[in-house]
Amino acid sequence: HDDVQNDGDQGDSEADERSEEENSPFETSYLLLNIGVNTFLNNNKVDLPAGYEFLDVNIAKSLGVNLLFFETHLKLIKKSVELGMGLGLDFNNYRFVQGFLMVPDTSIVLAQYESSRSFKKNKLTTKFLNIPVVLQVNSKKNKHGKSFRFAGGFDVGYYLNSYTKQVYDLEGKKYKDKLYDNFNI
């Protein structure tokens, strides 16, 4: 008498797991990285109002980095409409063009011109904890398996900190100054 043990077909259990994932209303991604550029807008234009020239930035060196720890999408209407939310850190650098120094401990955004130093680097850095909220619409896949996505949303952010950093030479010596303040952000 022979005992036969059948553990089941592995192919069927993998197919069952894929089917459960496809039928799940949630889809989660981990460790996402977004990189972009930063500038300041005034009435949806990059032109700064008179008196705010100190906020003029070098866009090519004003980078933003967003690290999402996770992002979860809830399928609202089959696979075509999804609501997404996540949690991440947002780091923004604003490299100033001119030699202005942000003034700390003020009730308005204020800067003073520093003519005695020639800055190699003059920037403001901010850090926020972010919760992105996105509504996404997905098209059906075409015959090549390709689809189109359109998404719009907003971020809820909690301010963590900010600082300015200036790098300059003075009388043959290199200086790096950092000043932590909220600068009325």
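Here, every reference points to the structure presented above.
In this text the structure is predicted, and so the values were computed from the model without any measurement. (Residues numbered from 1 in each chain as written. Predicted model: local features only at pLDDT ≥ 70, side-chain atom pairs only at ≥ 80, totals over all residues. Heavy atoms only, no water.)

(A) Local environment of the overall build of the protein. For the protein, the helix and strand inventory stands at one helix and eight strands. Seen in sequence order, the protein has helices and strands lined up from the N terminus as α-β-β-β-β-β-β-β-β. Within the protein, residue pairs in contact and separated by at least 24 positions form 64% of the contacts whose partners lie at least 6 positions apart. Looking at the protein as shown, the accessible area adds up to about 13300 Å², and 52% of this sits on carbon and sulfur atoms. (Helix = DSSP H or I, 4+ residues; strand = E, 2+ residues; numbered from the N terminus. Contact = heavy atoms within 4.5 Å. Areas by Shrake-Rupley, 256 points an atom, 1.4 Å probe, with all protein chains shown as cover.)

(B) Quick look at a nonpolar patch on the surface. Where nonpolar side chains cluster on the molecular surface, the patch consists of Leu-76, Ile-77, Leu-83, Met-85, Ile-131, Leu-135, Phe-154 and Val-156 and spans about 690 Å² of accessible area. The set of elements that each furnish at least two residues to the nonpolar patch consists of strand 2 (63–77), strand 3 (81–95), strand 6 (118–138) and strand 7 (149–170). The residue Phe-154 is located in strand 7 in this model. The class for Phe-154 is partly exposed, based on a relative accessible area of 49%. (Patch = residues over 30% accessible without salt bridge, like charges linked within 9 Å, V, L, I, M, F, W, Y side chains within 5 Å. Salt bridge = Lys/Arg side-chain N within 4 Å of Asp/Glu carboxyl O. Buried < 20%, exposed > 50% of the residue type's maximum accessible area, 1.4 Å probe, protein only.)

(C) Expanded view of unusual backbone geometry. Positive phi outside glycine occurs at Asp-105, with the angle close to 55 degrees. By the element assignment, Asp-105 lies in the loop between strand 4 (100–102) and strand 5 (111–113). Overall, the relative accessible area of 71% leaves Asp-105 in the exposed class. One non-glycine residue, Phe-183, lies in the positive phi region at around 50 degrees. Inspection of the secondary structure puts Phe-183 in the segment after strand 8 (173–180).

(D) Molecular detail of the environment of Ile-77. Here Ile-77 is to be found in strand 2. With 60 residues separating them in the primary sequence, Ile-77 and Val-137 have C-alpha atoms 9.5 Å apart.

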